[in-house]
Amino acid sequence: MTYSFTGASIPSGVNTIYIPFFPDQSNSGLGDLGEQLNQVLIDRFVNQSRLQLANNEEDADAVLDGVITSYSNRPFSIGGDEQTGQNQVSISVRASFKYATEEEAEWNTNFNGRATYDPAQDPIDGERNAATEALEQIANNMFNDAVSNW
């Protein structure tokens, strides 16, 4: 028997998920990328499904684990006067989703998110906002891939 909540059907017996901290191995220079991704993932899985957050892997029915593998902030479009119009932030995350009852992961894959900003307008907050948007894309894709198996 499965239950559905906001479109996500969860197998019976799956009540908790553990989402450990995703370390940032990308040398991004942004100190809180891992924390941001962790928070967005928790928001998705706990607020958009009936799952409760487990404090450790032993107490969890499912585990979402991963690492931030790459980060880039590059010129995206060139204006007519050879000035950069936009920068694009790209983030890649390697993640796996596994049920406690299964030996093998349901999936183990790379997720990518991208967002642009205008460095001339607001270089610092622009980059941070673009990074947040890219992380939200990644979290949405992870959530969708996890619930597509339900």
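Keep in mind that this is a model prediction, so the values were computed, not measured.

Undergrad: How should the side chain of Asn87 be read in this particular structure?
TA: With respect to the helices and strands, Asn87 occurs in strand E6 (residues 84-99). For Asn87, a relative accessible area of 12% corresponds to the buried category.

Undergrad: What should I look at first to understand the nonpolar core in this one?
TA: For soluble globular proteins, nonpolar side chains are generally found buried alongside one another. If you look at the biggest cluster of nonpolar residues, it comprises 37 residues, and the most contacted ones within it are Phe45, Leu64, Ile91 and Met142. For this core, the secondary structure elements donating two or more residues are helix H1 (33-47), strand E5 (62-78), E6, strand E7 (107-117) and helix H2 (123-148). No other element matches H2, which puts ten residues into this core. Beyond its immediate stretch of four places on either side in the chain, Phe45 contacts Ile17, Ile19, Leu51, Leu64, Phe97, Met142, Phe143 and Ala146.

Undergrad: Quick question: what am I supposed to make of the environment of Asn38 here?
TA: Looking at the secondary structure, you find Asn38 in helix H1. In this structure the C-alpha to C-alpha distance between Asn38 and Phe21, which are 17 residues apart in sequence, comes to 6.0 Å. Contacts of Asn38, omitting those with residues within four sequence positions, involve Ile19, Pro20, Phe21 and Phe22.

Conventions we followed
- For every chain, the first residue of the written sequence is number 1, and numbering continues from 1 along that sequence.
- Since the coordinates come from a predicted model, pLDDT governs what is reported: local features require at least 70, and pairs of side-chain atoms require 80 or more to be given and counted, while whole-chain, interface and lining totals use all residues.
- Derived side-chain values reflect all non-hydrogen atoms in the structure, with water molecules and hydrogen atoms excluded from consideration.
- Strands are runs of DSSP state E lasting at least 2 residues, helices are runs of H or I lasting at least 4, and numbering of each runs from the N terminus.
- Only protein chains enter the calculation, and the probe is 1.4 Å; a residue is then buried if its accessible area is under 20% of its type maximum, exposed if over 50%, and partly exposed in between.
- The criterion is simple. A nonpolar core is a set of buried Ala, Val, Leu, Ile, Met, Phe, Trp, Tyr and Cys residues joined through side-chain atoms within 4.5 Å.
- Two residues qualify as a contact provided that any one of their heavy atoms is within 4.5 Å of a heavy atom in the partner residue.

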